[in-house]
Amino acid sequence: MRRLNRRTIAHAAAGVLAGVVGMSVAHLTAALLTPASSPALAVGTAVINATPTPVKEWAVRELGYADKPILIGSVLLGTIAFAAAIGVVARRRLRLGAVLLAGLVLLPAAAVVLQPLFKISYLIPTLVALVLGPTVLVFLTRALNASETSGHTPEHTPEHTPEQPTVHPSDGDSERLSSRRNVLVGFGALTLLSAAAAVGGELVVRSRTAIANLKLPRVGKPLPALPAGLEGKYDGISSFRTPNRDFYRVDTKLAVPIVDQDSWTLTIDGDVERELTFSYDDLRERENVEHDITLTCVSNEVGGKLVGAARWTGVPLKDLLEEAGVGDRADQILSTDVEGFTISTPLEAALDGRNAMIAIGMNGEVLSRSHGFPARLVVPGLYGYVGATKWVTKLTLTRYDAATAYWTDRDWATDAPIKLSSRIDTPRPLSNIPEGRTVIGGVAWAQQHGVAKVEVRVDGGRWQQAELGPDAGIDYWRQWYLPWVAEPGSHQLAVRVTDRDGTLQSTDRATPFPDGSSGIQDIVVTVG
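So, a few notes on the structure that sits alongside this text. (Residues numbered from 1 in each chain as written. Predicted model: local features only at pLDDT ≥ 70, side-chain atom pairs only at ≥ 80, totals over all residues. Heavy atoms only, no water.)

Let us now look at helix α6 (residues 124–149). Over its 26 residues, α6 runs 38 Å from end to end, which matches the ideal 38 Å to within 8%, given 1.5 Å per residue. Within α6, burial applies to Pro 125, Thr 126, Ala 129, Gly 133, Pro 134, Val 136, Leu 137, Leu 140, Thr 141, Ala 143, Leu 144 and Ser 147. (Helix = DSSP H or I, 4+ residues; strand = E, 2+ residues; numbered from the N terminus. Expected span 1.5 Å × (residues − 1). Buried < 20%, exposed > 50% of the residue type's maximum accessible area, 1.4 Å probe, protein only.)

Another aspect to go through is the packing of aromatic side chains. Inspection of the entire model under this criterion finds 13 aromatic pairs. With a centroid separation of 4.9 Å and 85° between ring planes, the pair formed by Trp 412 and Phe 513 is classed as edge-to-face. Of the two residues, Trp 412 is situated in the loop between β10 (392–398) and β11 (421–426) and Phe 513 in the loop between β18 (489–499) and β19 (521–527); the sequence distance between them amounts to 101 residues. Note on Trp 412: relative accessible area 6%, which makes it buried. Assessed through its relative accessible area of 33%, Phe 513 is described here as partly exposed. Taken together through their ring pairs, the aromatic side chains of Phe 341, Tyr 385, Tyr 406, Trp 407, Trp 412 and Phe 513 make up a single cluster. The aromatic ring of Tyr 406 is capped on one face by Arg 410, whose charged end is 3.7 Å from the ring centroid. (Phe/Tyr/Trp six-rings, centres within 6.5 Å; stacked < 30°, edge-to-face > 60°. Lys NZ or Arg CZ within 6 Å of the ring centre and 35° of its normal.)

Inside soluble globular proteins, nonpolar side chains tend to come together where they are buried. Grouped together as the largest cluster of nonpolar side chains are 72 residues, with contacts concentrated most on Ile 268, Leu 283, Trp 312, Leu 317, Ile 358 and Tyr 385. Among all residues touching Ile 358, those that are not within four sequence positions of it are Leu 266, Leu 283, Thr 313, Gly 314, Val 315, Leu 317, Leu 320, Ala 375, Arg 376, Leu 377 and Leu 395. Counting residues in each nonpolar core, the second largest holds 21 residues, with Val 451, Val 454, Val 497 and Val 527 among its members. (Core = buried A, V, L, I, M, F, W, Y, C linked by side-chain atoms within 4.5 Å. Contact = heavy atoms within 4.5 Å.)

This brings us to the pairing of β19. Taking every second residue as pointing to the same face, the buried face of β19 carries Gln 521, Ile 523, Val 525 and Val 527, while none of Asp 522, Val 524 and Thr 526 on the other face is buried. As paired strands, strand β12 (residues 432–433) and β19 are joined by two bridges and run parallel to one another. Note that in β19 the partner of Asn 432 across the bridge is Thr 526. Pairing geometry for β18 and β19, over seven bridges, is antiparallel. If you follow Leu 493 over to β19, its bridge partner there is Ile 523. (Pairing = 2+ DSSP bridges.)

What follows is the structure, given as structure tokens:
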């Protein structure tokens, strides 16, 4: 029984290694061609698209930025489990095992084909896995079976004759050891191959995502430098300007699109007088502007971190639309990214005078690939799922009753103005702080109207007005702080914001779905 278990484990390992070799070399192939064509990523994307909205909300809320790695890891673990079972089957029925492993590879092939902008070349990585996986399985299974039977001495040894020499036990042991050594060498070599392919794929992707030798064009009327924020005085308050590396990223991409700026274009079509197409250089050569704008993800919970503030550089969206000639029928802009993903934006938001733009820069740098290079839509006052299309390549003026987008197909609200909100950054919820003089501080935002005041309440008492940090316009968040003498014990802290129109942050508690969270952040801290 012990021997049987060892053999079963060995064949399961053979199945796993066959699957891993196929996946890793396919990943390297995809990295060299199109990262999104990786079989594992294609399956992950299909899972994302099929996941019910409540589950997506849970993943964003509970897993944060780890949701994508966990998803990819789950897909890989599931594949490994199936491959292990196939390896066990292949021990006695090799042909069936090879067919089953090929079938396991064909599932990602279906996910690849179902991608919106599928090209036949996207199947190349899957074909690589389809060939390598079963081939490795056959090789390892035969080697294992040979090692299990080599050197075997029959129970009834025939009489010695000159034509059939006697096999001594020492000869059988030597043959068995040699066979097992060959199996171990094969396992080791294939393991190194899969590791090298996996690491090589990641290195290729990183090298391809690097953006070199590009600088932002000069801005016609540059904004003055942002004033120093409160973070220099009070530890824990969010930076007045969110560094690019810390800016939140929420999207459906498991692999960042690698776009060649020389062949990329932005097309404006639909209900327009003339269809226009702009190259990346066209946008750079136009008069660029700068705007300080805070972006917020609709999945941001009250007090959440899916919000960031940056200085964006680009071309006014209104100018591009007016150049194309806006028709009289459209009520939405259906924007499409380079992989066919769509977002719908109210047309009015692009024409009502707000600082909507096609951005090519962020905080004085060319957009990174993870934040939308070469260009993205930025519409202040709207949650990202309707106003911040990354990797945008087409703007189609149409009607809501004629075309729908990814998120509206999943029952998110059509119009999504960002709700007034405020957040306590320091002290952190459930933290322990020393008694004595300290500050309560954080950020607040009230887009399209601006922050008028922020108030803090301690232990259910009266609302106290906080001190505001520097002002960078109505579309940018404000830092705030309130001096506080912290006394020993447990304390409850709450914050609210009022905009310049006198509108007070809502106390009604709402989850992000379908149009953004609302309510007052209320935290507990312990002093002493």
